[in-house]
Amino acid sequence: MKYILAFDQGTTSSRAIVFDHDGNIKSVAQKEFRQIFPKPGWVEHDAEEIWASQNGVATEATSRAGLSSGDIAAIGITNQRETTIVWDRATGKPVYNAIVWQDRRTASFCDQLKKKGLQKVIQKKTGLIIDAYFSGSKLRWILDNVPGARKAAEAGKLAFGNVDSWLVWNLTRGKKHITDPSNASRTMLFNIHKGDWDDDLLKLFKIPRSVLPEVHASSEVYGNSEPDGIPIAGIAGDQQAALFGQVCTKSGMVKNTYGTGCFMLMNTGTKPIASKNNLLTTVAWKIGNRTEYALEGSVFIGGAVVQWLRDGLQFFRQAPEIDALAATVPDNGGVYFVPAFAGLGAPNWDQYARGIIVGLTRGVTRAHIARAALEGIAFQVNDLIHAMQADSKLKLKELRVDGGACASNLLMQFQADLLQVPVVRPVVKETTALGAAYLAGLAVGYWKDIEEISKQWQIDQVFKSQMNAKKRDAIKKHWAKALKRSTAWEDSK
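Anyway, here's the lowdown on the structure attached to this text. (Residues numbered from 1 in each chain as written. Predicted model: local features only at pLDDT ≥ 70, side-chain atom pairs only at ≥ 80, totals over all residues. Heavy atoms only, no water.)

1. A short note on the overall build of the protein chain
Then, in step 1: Each helix and strand in the protein chain was counted, giving 16 helices and 23 strands.
Then, in step 2: In terms of overall dimensions, the protein chain has C-alpha extents of about 60 × 55 × 45 Å along its principal axes.
Then, in step 3: Across the 493 residues that make up the protein chain, the buried fraction comes to 61%.
Then, in step 4: Restricting to contacts in the protein chain with at least 6 residues of sequence separation, those with at least 24 account for 72%.
Then, in step 5: For the protein chain, the exposed area adds up to about 19,300 Å²; of that, 50% sits on carbon and sulfur atoms.
Then, in step 6: Positive and negative side-chain charges of the protein chain, numbering 61 and 49 respectively, have mean locations separated by a distance of 6 Å. (Helix = DSSP H or I, 4+ residues; strand = E, 2+ residues; numbered from the N terminus. Buried < 20%, exposed > 50% of the residue type's maximum accessible area, 1.4 Å probe, protein only. Contact = heavy atoms within 4.5 Å. Areas by Shrake-Rupley, 256 points an atom, 1.4 Å probe, with all protein chains shown as cover. Lys, Arg positive; Asp, Glu negative; His and termini not counted. Charge placed at Lys NZ, Arg CZ, Asp CG, Glu CD.)

2. A few points about the pairing of strand 1 (residues 3-9)
Then, in step 1: Among the seven residues that make up strand 1, seven are buried, leaving the element largely enclosed by the rest of the structure.
Then, in step 2: Residues Tyr3, Leu5, Phe7 and Gln9 of strand 1 are buried on one face, and the alternating residues Ile4, Ala6 and Asp8, pointing to the opposite face, are buried as well.
Then, in step 3: The sheet contact formed by strand 1 and strand 5 (residues 72-79) spans seven bridges and is parallel. Counterpart to Leu5 in the pairing with strand 5 is Ile75.
Then, in step 4: Where strand 1 meets strand 2 (residues 13-19), six bridges bridge the pair, whose relative direction is antiparallel. The residue of strand 2 that forms the bridge with Ile4 is Phe19. (Pairing = 2+ DSSP bridges.)

3. Overview of the pattern of salt bridges
Then, in step 1: Counted by the stated rule, this structure contains 28 salt bridges.
Then, in step 2: Notably, a salt bridge pairs Asp196 with Arg209, separated by 3.9 Å at the nearest N-O pair. Taken together, the residues Asp196 in strand 11 (residues 196-197) and Arg209 in the loop between helix 8 (199-205) and strand 12 (214-215) connect sequence positions 13 residues apart.
Then, in step 3: Residue Arg209 is classed as partly exposed on the basis of its relative accessible area of 36%.
Then, in step 4: Taking the shortest distance from any N to any O, the salt bridge between Lys429 and Asp460 comes out at 3.8 Å. Remark: Asp460 occurs in strand 23 (residues 459-463) and Lys429 occurs in the loop between strand 22 (423-426) and helix 14 (431-443); sequence separation between them is 31 residues.
Then, in step 5: The network of salt bridges with shared partners includes Arg81, Glu82, Arg186, Asp238 and Glu296. (Salt bridge = Lys/Arg side-chain N within 4 Å of Asp/Glu carboxyl O.)

Below is the structure:
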């Protein structure tokens, strides 16, 4: 029997998961890596540490399952998106640390683009809002600020990629410099209608085309890993991979991933829907010649608020302990927590917002703040759903959930109370890695088609709304007030 190996390269850790033919997990290995904060608002990773950790966990997961490379039918890759790496083609060495998607250093450059009235043209071509979140401005910053980088790039000596491209480059020992449309569509340099890099945008951002990876389908054999010769056969950005892993393959289906951030995607089929509510239009995946699109809303700080309570304020030792702590109080005690540590994502898009805890009284305890932190995640997701339904004209029937924080029953129940639709948690919660595995498996014939895959999806638990309308209206009103107070906290520079 053969297996699929999924690389799940995330913002705080690298994971490798071995899946069997039924979509069940055979083994998992995970390793956290350093988060580097050189200045306020700057977030970096060591790209070589990303590769070393990902390569290490792949070996570990394979050996834990008692397998050799010959037992692996294919490798699928899913990755933190927008995180920007530039490396030397000759040496394979990064010219600078990876600039992480959360990084805000290019906010003022993005403001300049907005002031020039470029929002509409960029949104029309890319489906994206102008924001420091995406790779394009980060790539420009590296070329402008690393000595000799721009000259080397123009001479064709440098390569750029999101994390997927970096992993494939290292897996193939420099033979393949590629990406897929789901990752390309997160750069602000890719025309999602034409399916290619956009010359006008490259000129605007001053990016030489030679640094960019070739764009391939999300499910095809790109090459083999060296030295063991395993086909690398699937690539998708983490959120699109989770959409595929949740088998949201029909128009109108929605999933939300509760990871470091929260990311909600709605499959909109083969037609990109332009958002009027500050959502993103993105490529979901490309299989064969068929490109499917999604509407996406991004919450920058989701599960990361739990990490902050654990590490920054030392409220508890392990992240899952937040549920028990929050459950010791019946409600939030009037406390509202807007975790805008890195600004606000959709639908607000305020890069100058900052985190805020309001409604504090002498009776407030750690438990109230912990509960307010979980509720703050759900409130942000609720705001996304309303924007998504307005754009798509489709009414949500259910929300499929995944990611680490979806293990919190308290959070899932509160989410269902706000949304008033069932929140459905699957048996296999590692849907991001599973999506990458499915894409790779389809390419090598491990699974026959999407129909076969869809039969594997199983429900673990369904959460239904239990809150009365009066209470729901009251807490939503307070959330709106708290949200307003967090906006425009920092002065634009």
